[in-house]
Structure formats: structure tokens, C-alpha cells
Amino acid sequence: MRETRPLLRPMEPSDLASAIEVDTLCLPRPWSETVWREELESPFGHYLVLEEGGGISAQVGVRYLADELHVTTLAVRPERRRRGYASALLEAALGAFPEARRVHLEVRPTNAPAIALYERLGFVVTGRRRRYYGDEDALLMTLDLEARR
Ligand SMILES: CC(C)(COP(=O)(O)OP(=O)(O)OC[C@H]1O[C@@H](n2cnc3c(N)ncnc32)[C@H](O)[C@@H]1OP(=O)(O)O)[C@@H](O)C(=O)NCCC(=O)NCCS
């Protein structure tokens with residue numbers, strides 16, 4: 001396959017099948033199609049994809065409410081990792097809300113790659129949500145956007 005420059009763009013309803021495939025490959029509890037549709041239709045949601053070679057390699061979602069962003073999903077196809085895709089998607093999603101003051105997200109304490117990524121972007125651990133995933137706690141990580149400006 002010829003390498004094409006990845007295209008970062010908003011997710012569209014026609015991307016849903018690919019998004020669900022990426023989700024299923026990457027996350028232990030992928031969203032159902034119903035959840036994806038609700039998120040895409042939400043006025044508070046902002047979903048981006050990286051498209052290359054006619055397919056979706058990576059995706060991110062955030063929700064914006066009352067000055068705060070919440071990262072709802074992030075996934076990069078296993079064979080496309082360590083190319084800066086997650087970082088680029090997250091920065092683009094955060095950049096779409098210049099008025100936001102803080103970003104929150106939950107991550108499994110055992111998810112070392114994701115924690116390393118978030119720490120590199122400036123997130124710090126600010127709490128722990130007991131049994132958030134049912135089988136595991138979540139670390140709450142926060143990025144202070146005002147301090148970064
Ligand atoms: C976590 C995830 C999104 C990272 O995607 P990615 O595109 O590979 O991340 P990037 O290339 O932008 O990584 C940026 C930096 O994060 C850190 N990082 C990312 N993956 C890492 C790993 N496996 N081990 C150590 N550090 C890692 C590194 O500092 C990396 O910079 P470097 O490659 O120059 O060393 C990807 O591994 C993934 O989809 N995992 C499964 C889904 C998931 O866990 N989502 C997050 C749920 S909270």
C-alpha cells in the first residue's frame with residue numbers, strides 16, 4: 001500500500017463502522033453503535049479521526065461543558081502506534097475549545113502507554129475513581145490548560 005499523509009478531520013456518521021472496528025481492536029469495553037450515534041449527535045461532543053489509505057487509523061472524542069473538557073475516547077490501530085497520532089488528535093481536539101480551562105479523563109492504572117502519553121502532554125493524576133471500570137479503578141487525570149497558555 002502506498003503511504004499517504006494522514007488526514008485529520010471531524011468524524012462523520014459514515015465513519016461509524018470503521019470507528020467501531022478501531023474501538024473493538026483497541027479497547028476492552030468498546031462502545032455500542034447506539035452510544036457512538038448519541039455521542040456524534042450530541043451538541044457537546046467533538047469527534048475527530050485520522051484517515052489514511054482510505055481507512056480510519058485513529059480517533060478521539062471530547063465533550064465540552066462549563067469550561068471543562070472530558071476526553072471520552074481515544075484509540076489508535078495497533079499497527080499505527082508510536083507515530084504521534086494520539087498526540088496530534090488530542091491536541092487538535094483541545095485546540096478546538098480555546099475557552100476551555102481544564103481537561104479531565106479517566107484511565108486504567110494498568111494502561112502504561114496511555115498514562116505515559118497523557119503525562120507527556122502535561123496531565124497529572126488528580127484522583128482515583130473506585131471500581132470505575134467494574135473490574136478496575138480509574139485514575140482521574142487533569143490538564144490545566146490555563147497554566148499551559
Ligand atoms: C494510548 C494510545 C492511544 C497511544 O497512541 P499513539 O498514537 O501510539 O501515541 P503517540 O504516538 O502520540 O505517543 C506519544 C508519546 O506517548 C508515550 N507513549 C505512547 N505509547 C507508549 C508506550 N507504548 N510505551 C511508552 N510510552 C508511550 C511516549 O512518550 C510517546 O512519545 P514517543 O513515541 O516519542 O516516545 C494507543 O496506545 C492506544 O490506542 N492504546 C489502546 C487504547 C487506549 O488505551 N486508549 C486510551 C484509553 S484511556
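Residues numbered from 1 in each chain as written. Predicted model: local features only at pLDDT ≥ 70, side-chain atom pairs only at ≥ 80, totals over all residues. Heavy atoms only, no water.

1. Focus: the overall build of the chain
Tallying secondary structure elements over the chain gives five helices and seven strands in all. When the helices and strands of the chain are placed in sequence order, the string is β-α-α-β-β-β-α-β-α-β-β-α. Here the C-alpha atoms of the chain give a radius of gyration of 15 Å, agreeing with the 15 Å that 2.2 N^0.38 yields for 149 residues. Taken along the three principal axes of its C-alpha coordinates, the chain extends 45 × 35 × 30 Å. Considering the chain as a whole, with its 149 residues, one finds that 42% of them fall into the buried category. Intrachain contacts of the chain at a sequence separation of at least 6 include 60% that bridge at least 24 residues. Only carbon and sulfur atoms are counted for the fraction: they give 52% of the accessible area of the chain, which is about 8400 Å². The positive charge centre, built from 21 side chains, and the negative charge centre, built from 23, are 5 Å apart in the chain. (Helix = DSSP H or I, 4+ residues; strand = E, 2+ residues; numbered from the N terminus. Rg over C-alpha atoms; globule rule 2.2 N^0.38 Å. Buried < 20%, exposed > 50% of the residue type's maximum accessible area, 1.4 Å probe, protein only. Contact = heavy atoms within 4.5 Å. Areas by Shrake-Rupley, 256 points an atom, 1.4 Å probe, with all protein chains shown as cover. Lys, Arg positive; Asp, Glu negative; His and termini not counted. Charge placed at Lys NZ, Arg CZ, Asp CG, Glu CD.)

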